[in-house]
Structure formats: C-alpha cells, structure tokens
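Chain by chain, the residues:
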Amino acid sequence: MTTTRTLHTPEADLAYDLHGPLPTPDGRPPLVMIGQPMDAGGFAALAAHFRDRTVVTYDPRGLGRSTRKDARTDHTPQTQAGDVHALIQALGTTAVEMFASSGGAVTALALVATHPADVTTLVAHEPPLLTLLPDAEAAQRAQARVRDTYQDKGWGAGMAAFIAMTSWQGAFTDDYFARPTPDPAAFGLPTEDDGSRTDPLLSDRSWAITRYQPQADALTAAPTRVVIAVGEESHGTLTARTAQATAALLGQQPVIFPSHHGGFVGGETGYAGQPEAFARRLREVLGDTG
C-alpha cells in the first residue's frame, strides 16, 4: 500500500510517498530513500524489492512535486537536511534507516552531523563531494565547464558535457581540458536549445552540494553507523573517487555495490542498473534478512 502525503513547512511543501504502514508492525525503523536532484520516482525499482519493509521516498524542495515558498532556487545540503529532519519527525518515529544517493548522500551526511539521533544506519552511495579530491580545483573547473556549456548551448550540449565529466577516468588533467566538448547527438541527446536554464544538475544551482565540506568529527562521533558505498562499475570515475575520499575522511573503506552510480534504478530511465542485485546488497549492509 502506497500513500502520498505532503508536509507543509514555512518554506516548502514537501511531497513524500509512504510505502507500507506506520508504525511498522515488526518494530523495524522505516527505510528512507533520498536523492538529489533525483526525486522519489527514481527509487521506484529499488523500493519494489523492499515490500516487506516500510519505505519512505520524497521529492526535495523545488524538485518533482515539492514546491518552494522561500523564493530561492539554489539547493544546499543544510537546507535539505533540515527538510529531511522535519520529514522524519512527521513520520512519528524516533529514528530511521536511510539509503541516500548522489546529492542525497551529501544531504544525509549533513543530516547525521546536525541531527545524529535521526538515523540508525546511513548507506551513502557515491556522494559527489568534489572538495575532498586531491584535484579538487580541477574538478571544480570541469564542473564550471559543464555549466558554461549549458549556459551557452542548452540542455543537450550541457548533458553531453556532464556525461564526459562524470565518465572521465582519474584526475582531471590537461588532457581532459584539451578535449572538445562532445556532440550531444553522439549520446542521442537533442541538439536544439529549448532556451531553459533551470536544470539543477547542469546549472550552478546545486554547487553548494558538490562543494560541501562534511563535518568529519561530528560524523565519527555520531551514534549513526555510516557506510560509504560505491558501484563496482564506477571504478575510476568522478563519483567513485569522491566516495573513496569520503570513506577515507571517515577512516573506512567504501563498501562495493553492484552496477554504477545509478545502480538501483530500473530500465525506465534509460540508464538501467541492477536493482534486484542492488537491493540484495543493501539488505546485507543493513543486516536485513527479510
């Protein structure tokens, strides 16, 4: 059973989906799945493999069905962490388990640092924390190149530049910057410019997420069990390197999951992962034998 609810706050109306009953009949905490800029729809395939659990998915403010009342367009982990904290409180549970992906993993790290009692176990999958890389300056330059391409040529060209950046192996060297920006048609992307410039992934609206500095002391002191995860197919790519750097910051090794950065998504996205195998691995990490 899935029900959709809206949490009204002074700054946003947050839409969330409750898959299963509350309170949970088995006493297990709800399993909350969050992303950014991915909304709740991106977790449909993964949630389908946890029908024995109560799963909660939500749309971050300003994305999907969630609307903003704060007159802002930027996305920051601190603001989103506050939203997730309010959502957990609205669930009426003392704490949750959490799977967080990409920008959502950064939000989750900010949440644990500021509200450590909210989460018992956090699995943070490939947080894109550029500031932790040894080539952080070059990585941010590569990110700016994506933004500039998007601003100059539109969504298709910007997405092609984003794919080139996120699939690049290893540090961003002069060889990377010497390459021309790719033709969007080579990726099956539109070459026409629709004039919009509001994409949270390609604009600079989410730079506060990728440039967030995680609070290592607060995270290691928290009662939360924090697990940094990385896809086995992501080896050498940008988010694999940031995951490894985040794990090192916390004194641990990343845990290997099946597939790639979107390894939990189904074929409806055109970037299919292995959601069934991913769910099995997530259960193992959570200690869930259901």
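Note that the structure is a prediction, hence the values are computed from the model and not measured. Residue positions are given per chain, counting from 1 as you read along its sequence in written order. Only residues with pLDDT of at least 70 get local features here, since the model is predicted, and only at 80 or more are side-chain atom pairs given and counted; chain-wide, interface and lining totals rely on the full set of residues. Hydrogens and water molecules were not included; the side-chain quantities draw on all heavy atoms of the structure.

(A) Region of the structure containing the nonpolar core. We call a set of buried residues a nonpolar core when its members are Ala, Val, Leu, Ile, Met, Phe, Trp, Tyr or Cys and they connect through side-chain atoms within 4.5 Å of each other. Buried, partly exposed and exposed residues are distinguished by accessible area as a fraction of the type maximum, computed with a 1.4 Å probe on protein chains only: under 20%, between the cut-offs, and over 50%, respectively. Residues I34, M98 and L122 are the most contacted members of the largest nonpolar core, which totals 40 residues. With eight residues, helix 3 (residues 103-114) is the single largest residue contributor to this core. Should any heavy atoms of two residues lie within 4.5 Å, those residues are counted as being in contact. Look past the residues within four positions of I34 in its chain and what remains in contact with it is F43, Y58, V84, M98, F99, A100, S101, G104, T107 and A108. A run of H or I in DSSP counts as a helix once it spans at least four residues, and a run of E counts as a strand once it spans at least two, with each numbered from the N terminus.

(B) The environment of H49, seen in detail. Checked against the element boundaries, H49 lands in the loop between helix 1 (44-47) and strand 4 (55-58). Along the primary structure H49 and V123 are separated by 74 residues, whereas in three dimensions their C-alpha atoms are 17 Å apart.

(C) Quick look at the side chain of T224. Of note, T224 is situated in the loop between helix 8 (216-221) and strand 8 (225-231). Polar contact criterion, stated in full: a pair of N or O atoms within 3.5 Å, where within protein one must be able to donate a hydrogen and the other to accept it, and residues adjacent in sequence count only if both atoms are side-chain atoms. Within the structure, the side chain of T224 is placed 3.0 Å from the backbone oxygen of P116, a separation counted as a polar contact. Apart from residues no more than four positions distant in its own chain, T224 is found in contact with V112, P116, V119, T120, T121 and L122.

(D) Geometry of the packing of helix 4 (residues 136-153) against helix 5 (residues 155-167). What counts as an axis is a line fitted to C-alpha atoms, over the stretch in contact for a helix, and the angles between N-to-C directions run from 0 to 180 degrees. For the pair helix 4 and helix 5, interaxial distance at closest approach is 7 Å and the crossing angle is 165°. Looking at the two axes, helix 4 sits roughly antiparallel to helix 5. In this structure, the crossing between helix 4 and helix 5 has a hand that is right-handed. Across the interface between the two elements, A142, Q143, V146, T149, Y150 and K153 from helix 4 touch W155, A157, G158, A161, F162 and M165 from helix 5. Only Asp, Glu, Lys and Arg are considered charged in this grouping, and only Ala, Val, Leu, Ile, Met, Phe, Trp, Tyr, Cys and Pro are considered nonpolar; every other residue, Gly among them, is considered polar. Classifying every residue of the contact of helix 4 with helix 5 gives eight nonpolar, three polar and one charged. To sort the angles, those under 35 degrees are grouped as roughly parallel, those over 145 as roughly antiparallel, those from 65 to 115 as roughly perpendicular, and the leftovers as oblique. By definition, any crossing whose near helix is turned counterclockwise from its far helix by less than a right angle is left-handed, and any crossing with a clockwise turn is right-handed.

(E) Inspection of the pattern of salt bridges at higher detail. Each salt bridge in this description consists of a side-chain nitrogen of Lys or Arg and a carboxyl oxygen of Asp or Glu lying within 4 Å of one another. Using the criterion set out here, one finds 20 salt bridges in the structure. Note that D52 and R283 form a salt bridge whose closest N and O atoms lie 2.5 Å from each other. Residue D52 is located in the loop between helix 1 and strand 4, and its partner R283 is located in helix 10 (residues 275-286); the two are separated by 231 residues in the primary sequence. Among the ionic pairs, D193 bridges to R197, the shortest N-O distance being 2.6 Å. Looking at D193, the relative accessible area reads 38%, which means it is partly exposed. A single network of salt bridges, built from pairs that share partners, joins R28, D52, R53, E97, R283 and D288.

(F) Highlighting helix 10. The terminal C-alpha atoms of helix 10, which comprises 12 residues, lie 16 Å apart, in line with the 16 Å expected from a rise of 1.5 Å per residue. G287, located one to two residues past helix 10, shows a positive phi value of around 75°. A helix is expected to span 1.5 Å for every residue after the first.

(G) Local environment of the packing of helix 2 (residues 77-91) against helix 3. Across the interface, helix 2 lies against helix 3 with an axial gap of 8 Å and an inter-helix angle of 70°. With respect to each other, helix 2 and helix 3 are oriented roughly perpendicular. In this structure, helix 2 uses P77, Q80, A81, V84, H85 and I88 to contact helix 3, whose residues at the interface are V106, T107, A110 and L111. Class assignment for the residues of the contact of helix 2 with helix 3 results in seven nonpolar, three polar and no charged.

(H) Spotlight on unusual backbone geometry. A cis geometry characterises the amide bond from L22 onward to P23, with omega recorded as -5°. Within the element layout of this structure, P23 appears in the loop between strand 2 (12-19) and strand 3 (31-34). With a phi close to 70°, S259 is a non-glycine residue in the positive phi region. Along the chain, S259 turns up in the loop between strand 9 (255-257) and helix 10. The class of S259 is buried, set by a relative accessible area of 1%.

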